[in-house]
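Spelled out, the chains give:
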Amino acid sequence: MEKVKMIKISDLRRIKRLCFDKIAANGTARRDLAVQIKPLNDELYTVIMSNGVDYARLVADFIQPAETEEINIAWTEFARICDFFDKTITITNKNGMYEIKEGKTKFKCAISKSEANNNCYFKFDFDNAIKISMDDCFVLIDRKMQMNKFALGENMLMSTDGNFATINHLKQDFGTNIHLFTEKFPSGMWYFNPKQRIIVSEDKKIACSFSQATGGFPFEAVKKLVKQPLSNWLEVDAKQLKEVADKCSKIDDKIILQFADNEVIVSANNREQALDFAVPIPAEYNHKPTRLDIRFLDKYLTEFYRCIDENGKLKIFFDDNQSTYMTRCECKNLSIFGMSLMPPHLMNKGA
């Protein structure tokens, strides 16, 4: 019988939240998903998980000296341990079963191994690495909650779904080469090396794989579009707009902002069900608009709320020309912009 040194639950929860949950979600077809806890020496241990493609590792400190052995448990049991226990645990191998204990709380589970965990590769080139913080970065995803291709280059992280786009303005400069990805890095600060598919956390305790994309990205086109001059803007209290727009979204997924003197009428209509809902809220304009309205799919108007200023105000840039559909919102580190919807009378005219 050998006892594992005491392990912090906070360490296990960290790697679970940042990496293991995604690995498990991407490996649901596998029945051998397991977590390996392996001693490096008398003071350090690793926690590793792989689904055969994605993989991640945590390096953490033991709390107390004791003899130890390699631990292999099913992913489902690892998740339960993170839920059942609070601060520190010991793991004991008793008659081919693991007993996990904290105080008087006990949990028993079977040994479960995965060969995929033995094939993980974590060597990383720190000399040529640069850092990126994903804490405040926003990347567009589609309606099916799938990640679109996004790009990192110069001092910008961009994403687009073909209708709207975002530019995260970063402090770091990543050079003129454009790096493409198919999944977002976890939150936090990460060492990133363009030649490898591994990122490492700032404290160097976590390493995990990510997916790079191939093909192209309209990087230069997106840069030019965000600079397109727009002749007017409206500014509203963001909380008021959101409250009314949330009600409008229950009528239709298209939200209409109709322009009026010192206010904007937030409305939605559903012709099939003969429903119409409208509420005016105070608004300020750069100058009196000459166009009638601007229209959005609710999911895009919702993204604009990321650009609320310190006073709770949201400023939406648009053009007085009714045939110009580009709109934009900006804040210190983020630009969100794209095409609003064509009004029905212009659509019919075009037909």
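Residues numbered from 1 in each chain as written. Predicted model: local features only at pLDDT ≥ 70, side-chain atom pairs only at ≥ 80, totals over all residues. Heavy atoms only, no water.

## Comments concerning the side chain of Lys16
Okay, so step 1: If you trace the backbone, Lys16 turns up in helix H1 (residues 9-25).
Okay, so step 2: For Lys16, a relative accessible area of 18% corresponds to the buried category.
Okay, so step 3: Once residues within four sequence positions are removed from consideration, Lys16 is found in contact with Asp21, Trp75, Phe78, Ala79 and Cys82. (Helix = DSSP H or I, 4+ residues; strand = E, 2+ residues; numbered from the N terminus. Buried < 20%, exposed > 50% of the residue type's maximum accessible area, 1.4 Å probe, protein only. Contact = heavy atoms within 4.5 Å.)

## Thoughts on the sheet that holds strand S14 (residues 189-192)
Okay, so step 1: Ordered in space as S5-S2-S3-S4-S16-S15-S14-S9, the eight strands form an open sheet in which the pairing is antiparallel. Looking at the sheet topology across the chains shown, the edges are occupied by strand S5 (71-74) and strand S9 (130-133). This sheet shows a mean twist of 20 degrees between the axes of neighbouring strands, independent of strand direction.
Okay, so step 2: Summarising the sheet, strand S15 (residues 198-201) and strand S16 (residues 206-209) pair through three bridges and their orientation is antiparallel. Bridging across to S16, Ile199 finds its partner in Cys208.
Okay, so step 3: Strand contacts of helix H2 (residues 75-84): strand S2 (34-39), strand S3 (44-50) and S5, with the helix running at about 95 degrees to S5, the strand carrying the most contacts. (Pairing = 2+ DSSP bridges. Axes fitted to C-alpha atoms, helices over the stretch in contact; angles between N-to-C directions.)

## Re the pairing of strand S6 (residues 88-94)
Okay, so step 1: Taking burial as the measure, the seven residues of S6 include five buried ones, the bulk of the element.
Okay, so step 2: Two strands pair when backbone bridges link them, and strand S1 (residues 7-8) and S6 are joined in this way by two bridges, in the antiparallel orientation. Following the sheet pairing, Ile7 is matched in S6 by Ile89.
Okay, so step 3: Here S6 runs beside strand S7 (residues 97-102); their pairing, made up of five bridges, is antiparallel. For Thr90, the partnering residue across the bridge sits in S7 and is Lys101.
Okay, so step 4: Taking the residues between adjacent antiparallel strands as the criterion, S6 and S7 are bridged by two residues, where Asn95 takes a positive phi near 55 degrees.

## Observations concerning the sheet that holds strand S20 (residues 275-282)
Okay, so step 1: Strands sit in the order S20-S19-S18-S22 across an open sheet of four strands; the sheet is antiparallel. Two strands bound the open sheet, and with one partner strand each, they are S20 and strand S22 (293-297). When strand polarity is set aside, the average angle formed by the axes of neighbouring strands in this sheet is 20 degrees.
Okay, so step 2: One ladder, built from five bridges, connects strand S18 (residues 254-260) with S22; its direction is antiparallel.

## Some details on H1
Okay, so step 1: The largest bend in H1 amounts to roughly 55 degrees and is located at Arg17.
Okay, so step 2: All buried positions along H1 are accounted for by Ile9, Asp11, Leu12, Ile15, Lys16, Leu18, Cys19, Phe20, Ile23 and Ala24. (Bend = angle between axes of the 7 residues up to and from the residue.)

## Some remarks on helix H3 (residues 219-226)
Okay, so step 1: Of all the residues in H3, the buried ones are Phe219, Val222, Lys223 and Val226. Seen along its axis, H3 keeps its buried residues to an arc of 105 degrees; they face one direction.
Okay, so step 2: Looking at the buried residues of H3, the elements they touch are strand S10 (150-153), strand S11 (156-160), strand S12 (164-169), strand S24 (326-330) and strand S25 (334-339). (Arc of directions from axis to C-beta.)

## Concerning the environment of Arg17
Okay, so step 1: On the secondary structure map, Arg17 appears in helix H1.
Okay, so step 2: For Arg17, a relative accessible area of 54% corresponds to the exposed category.
Okay, so step 3: On a C-alpha basis, the gap between Arg17 and Asp83 in space is 12 Å, while along the polypeptide they are 66 residues apart.

## So, the environment of Ala74
Okay, so step 1: Along the polypeptide, Ala74 turns up in strand S5.
Okay, so step 2: By relative accessible area, which is 15% here, Ala74 ends up buried.
Okay, so step 3: Spatially, the C-alpha atom of Ala74 lies 49 Å from that of Thr327, the residues being 253 residues apart in sequence.
Okay, so step 4: Ala74 has contacts with Leu33, Ala34 and Ser112, leaving out every residue within four places of it along the chain.

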